Amino acid sequence: MLPWVALVLAAGACAAPPGAAPAAPPERTRSGEPVPPLARPAALPGRAVQEEDDAQAARARRATVQQQALATAQRWGLAALPLAAPPPPATKPELVAGYHVKTAAGLPPVVLRVPTDRPVVFLTIDDGAEKDPELVRMLADLKVPVSVFLSDYLARSDYDYFRGLQALGISINNHTINHPDLRRLDDEQQRQEICGQQDRLERETGTRPTLFRPPFGEYTEASLRVAASCGITAAPLWNEEAFPDRIDYRYEDHQLHAGDIILTHFRGAAEWQGTMAQMLRRVIDTATAQGFALARLDDYL
């Protein structure tokens, strides 16, 4: 084959087929030279820079939030920043009969300690006698979850106060109308006390409670049966009781345990050597020092 024939055949072999789009011209530098492949910029450099900027901004926001939270804790006199509670469990713990949970067929379980391995404890406030605005401000600033158990005869003078707590995400639960010893009442009297308070709280707060705490922690099988008939699903008692100057423990180790329920009351200086804010400070500092966060009881029961 003649040399010029070979050149023509080679050119034909490299030509694009009929109808094909022409090949894009090679990238070139300003001087006109082809850009070597390794010299071309990395893919999506703008996105990588933006992602790094976003990450730095997120870190800065977290640091600012942490500093603000610490400043708030210090303003309320806390020894350290309270531990944050984990998100509520997707499924509430199963209440199986044991030392801390008492069950009977068809009756609401009675719970002294919530069965959970999470490092959380629960603060509950009973009755409704003292309506301290400082407590509301402290709970709002610190975003501390608590659960309230109201007796109507003490709360009725100012349900607006408790609706204010409810607006913070604090649940309002049943502690009877008049705070009697239920063991001394017949079934109908217990119905008036328990179901009557269910109805009253539903009217005042717009929500029908599912938790009931018997006054003095005393109840009968009839108490639980009546409570179940008007919507109660669990009856939490307590492991510790909190005051401004101390915490009384049920157990000899004088330590909190995962799932413990802490009782306190709406009280003031007339009954206590201190205020409700001082009580809350003691509870938070104690829980934090022992490695526990305060969580919302209603999320677990």
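Below you will find a few notes about this structure. (Residues numbered from 1 in each chain as written. Predicted model: local features only at pLDDT ≥ 70, side-chain atom pairs only at ≥ 80, totals over all residues. Heavy atoms only, no water.)

1. As for the pattern of salt bridges
Across all of its chains, the model carries 19 salt bridges by this definition. The residue D260 makes a salt bridge to R113 at a minimum N-O spacing of 2.6 Å. Of this pair, D260 sits in the loop between β8 (247-249) and β9 (261-265) while R113 sits in the loop between β2 (110-111) and β3 (120-127); the two residues are 147 residues apart in sequence, bridging distant segments of the chain. Relative accessible area serves as the criterion here: at 15%, R113 is assigned to the buried category. Where R213 meets D126, a salt bridge forms, and the shortest distance between an N and an O atom there is 2.8 Å. Residue R213 is found in the loop between α6 (187-205) and α7 (221-229), and its partner D126 is found in strand β3; the two are separated by 87 residues along the sequence. No difference in accessibility class separates R213 from D126, as the two residues are buried. Put simply, D152, R156, D160, R163, R200 and E204 are held in one network by salt bridges that share partners. (Salt bridge = Lys/Arg side-chain N within 4 Å of Asp/Glu carboxyl O. Helix = DSSP H or I, 4+ residues; strand = E, 2+ residues; numbered from the N terminus. Buried < 20%, exposed > 50% of the residue type's maximum accessible area, 1.4 Å probe, protein only.)

2. Quick look at the packing of α6 against α7
In contact at an axis separation of 9 Å, α6 and α7 are set at 50 degrees when each is read in the N-to-C sense. Taken together, the axis directions place α6 and α7 in an arrangement best described as oblique. The element α6 and its partner α7 pack so that their crossing is right-handed. Taking contact as the criterion, the partners of D187, Q190, R191, I194 and C195 in α6 are, on α7, A222, S223, R225, V226, A227 and S229. (Axes fitted to C-alpha atoms, helices over the stretch in contact; angles between N-to-C directions. Parallel < 35°, antiparallel > 145°, perpendicular 65-115°, else oblique. Left-handed = near helix turned anticlockwise from the far one by under 90°. Contact = heavy atoms within 4.5 Å.)

3. Some thoughts on the state of the cysteines
Working definition of a disulfide: a covalent bond connecting the sulfur atoms of two cysteines. For the structure on display, the rule yields 1 disulfide. Bridging C195 to C230, the disulfide has an S-S length of 2.3 Å. Between C195 and C230, the disulfide has an S-S torsion of -85 degrees and is therefore left-handed. With C195 in helix α6 and C230 in the loop between α7 and β6 (235-236), the pair connects residues that are 35 residues apart, well separated along the chain. The residues C195 and C230 share a single accessibility class, namely buried. (Disulfide = S-S within 2.5 Å.)

4. Things to note about the side chain of S223
Looking at where S223 falls in the secondary structure, it is placed in helix α7. A residue is classified by how much of its surface remains accessible, and S223, at 0% relative accessible area, is buried. There is a polar contact of 2.4 Å between the side chain of S223 and the side chain of Q190. For S223, the residues in contact, after removing those within four places along its chain, are L182, Q190 and I194. (Polar contact = N/O pair within 3.5 Å; in protein donor to acceptor, adjacent residues only side chain to side chain.)

5. Some thoughts on the pairing of strand β4 (residues 147-150)
Here is the key point about a regular strand: its side chains alternate between the two faces of the sheet. By the alternation rule, side chains of β4 split into S147 and F149 and V148 and L150, which are all buried. Two elements, β3 and β4, share 4 bridges in a ladder whose sense is parallel. Opposite D126, over in β4, you have F149 as the bridge partner. This β-α-β element, β3 to helix α3 (residues 133-142) to β4, shows right-handed connectivity. In this sheet, strand β5 (residues 171-174) lies alongside β4 in parallel orientation, the contact comprising 4 bridges. Pairing of F149 across the sheet is with N173, part of β5. (Pairing = 2+ DSSP bridges. Right-handed = clockwise from strand over helix to strand, strands pointing away.)

Take it as geometry only, folks, not as evidence of what the structure does.
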